[in-house]
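Structural overview for review
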Amino acid sequence: MKKDKGSKGKKLFVKKADDRLSEDSPAKSKGTPDEGVPSMAEKKKPEKSAAPDKPDKLPEKPDHLPEKPARKNTVESDPWQQAFADDNTILIKRTVRSGQCIQFDGNVVVMGDVNPGSEIIAAGNVVVMGALRGVVHAGATGREDATVSAFKLQPTQLRIANHITRAPDGDYVAPEHPEIARIKDGVVVIETYQMGQDRQSKIG
Amino acid sequence: MGEVIVITSGKGGVGKTTTTANIGTGLAALGHKVVLVDTDIGLRNLDVVLGLENRIVYDIVDVTHGNCRMKQALIKDKRFEGLHLLPAAQTKDKTAVTPDQMRELCDNLKKEFDYVIIDCPAGIEQGFKNAIAGAERAVVVTTPEVSAVRDADRIIGLLEAAELREPKLIINRLRPLMVKRGDMMSIDDIIDILAVDLLGVVPEDELIVVTTNKGEPAVLDGNCRAGQAYRNMARRIAGEDVPLMDLEANDGFVSKLKKLIGFK
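If you're wondering where the values come from, they're calculated on a predicted model, not measured in any experiment. (Residues numbered from 1 in each chain as written. Chains lettered and ligands numbered in written order. Predicted model: local features only at pLDDT ≥ 70, side-chain atom pairs only at ≥ 80, totals over all residues.)

With respect to the sheet that holds strand β9 (residues 157-160) of chain A
Paired through their backbone hydrogen bonds, the strands of a sheet run either parallel or antiparallel. Residue and element names in this part refer to chain A. In plain terms, the rule: At least two DSSP bridges between two strands are needed for those strands to be called paired. A run of H or I in DSSP becomes a helix once it reaches four residues, and a run of E becomes a strand once it reaches two; helices and strands are each numbered from the N terminus. Convention adopted: a line fitted to C-alpha atoms gives each axis, helices being fitted over their contacting stretch, and angles between N-to-C directions are expressed from 0 to 180 degrees.
Pairing in this open sheet of five strands is mixed, and the strands run β3-β5-β7-β9-β10 from one edge to the other. Whereas interior strands pair on both sides, the edge strands pair on one side only; in this sheet they are β3 (101-104) and β10 (163-166). Between one strand axis and the next, the sheet turns by 10° as a mean value, whatever way the strands run. As paired strands, strand β5 (residues 119-122) and strand β7 (residues 135-138) are joined by three bridges and run parallel to one another. Paired with I120 across the two strands is V136, which belongs to β7.

Shown next as structure tokens:
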């Protein structure tokens, strides 16, 4: 896909047309409080098992083995946590306006609206706590299990992995409930969002 | 080999995009192969006016940068087989394309289409320079306001400097009743100042707002007087000799119609 150019590597990339977004939208890895900004997480990745207080010195420490029990609380070691925390996530606390483009190698959560003429491109899932009216691309690096959910799901165009859909022509009915779009049997389906649905499918 | 026509104005909000959409649709309705090129990168509108916004995957910047083939970026209109749109990018700015790239793009497009109609952005900066780079003919849109006419004059000067001789003029949003009262510049006043040939006059029409919001060009509405004006202009561009429509007579007809349905 054409937008893949930005998703090389495991680097954080948040790109907007006119102004760069940085400090007001810290990305967090779900379930790992010891990881702050993603770039840090990236550096630390090999030593994720380390104790949270001294992450930098651990590789040189010969006696870091006894600390291994600390692993129990990290994402890598705990399958239960893995089920929930699989990617980096970025939180955007404002309206994404026309001409603005959010690209991120992970999940994107927007607390606000996504207006027509804007683009959200995520390697993971996209969640919009508001109206999603722009172009959205979840699973941009090819993940077919990515989903798009929004309080008002009315995108100009909705893409998941290599599937592209748009609303049918003609009169548009505004959605009344939060909805979720995902790929089922090779087609994009939009359903009313139900709490706990995701959790059930992940564990089961 | 087709013709490349740029539609420009200098001033914003005078109706370049509406004119582009309507003349393009009008030419397609006459059976010509038409492509509309939106060069207003960063503030694209033509796709919305045509109701094709949700079909955009690739845009003009992708084409000029070689991210996709021309065919992939062209959007087929939902009403006319021969009408195509090359949309602008929204998340980039005017510097994403250069005049040389535009020239090459226009050369490629005119091999396949009878008419390449370029929607120019407002202003006289990079976007304007890009838009006129590949053009062979120019159409200047103005409204009967001193500010718009002043800007049109400046644009005509710049077009002549760029070897785009004899641009044609469209006077948009004319209100015949106000002209009659002497409250608005008349067609003759405007031509007196600008000294260029007239392509057409579009009367002020509320239906334009309705059709634009719906994403359906006004030319397709048989009852729309502005649509009639655009149909005439399309035929003139195609080489037909169509007389100017009688704006005042039309006014009479509308008031007659209103009386008929009890509006007075």
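Here's the deal with the pairing of strand β4 (residues 107-110) of chain A
Residues and elements named next belong to chain A. Summarising the sheet, strand β2 (residues 88-92) and β4 pair through four bridges and their orientation is parallel. In the sheet register, T89 faces β4, and the bridge partner there is N107. The pairing of β4 with strand β6 (residues 126-132) spans three bridges and is parallel. Bridge pairing links V109 to V127 in β6.

A few points about the sheet that holds strand β5 (residues 115-119) of chain B
All names here are of chain B. Counted only if it meets this: Note on contacts: each residue gets a C-beta atom placed from the backbone, and two residues are in contact if those atoms are within 7 Å.
With mixed pairing, eight strands are arranged side by side in an open sheet as β3-β4-β2-β5-β1-β6-β7-β8. Each edge of the sheet is formed by a strand with only one pairing partner; in this case those strands are β3 (75-76) and β8 (197-203). Pairing of strand β6 (residues 137-142) with strand β7 (residues 168-174), which is carried by four bridges, proceeds in the parallel orientation. Paired with V141 across the two strands is I170, which belongs to β7. Against the sheet, helix α11 (residues 225-237) makes contact with β7 and β8, and its axis sits at roughly 160° relative to β8, the strand it touches most.

A closer look at α11 of chain B
All names here are of chain B. The cut-off we apply is this: The length a helix should cover is 1.5 Å for every residue beyond the first. Whether a residue is buried, exposed or partly exposed follows from its count of other C-beta atoms within 10 Å of its own C-beta, namely 20 or more, 12 or fewer, or something in between, respectively; the C-beta atoms are built from the backbone.
Here α11 spans 19 Å end to end across 13 residues, near enough to the 18 Å set by a 1.5 Å rise per residue. Summarising burial for α11: ten of the 13 residues are buried, a large majority. Every buried residue of α11 is accounted for by R225, A226, G227, A229, Y230, R231, N232, M233, A234 and I237. One or two positions beyond α11, positive phi appears at G239, with a value near 105°.

Shape is all these values report; function is a separate question.
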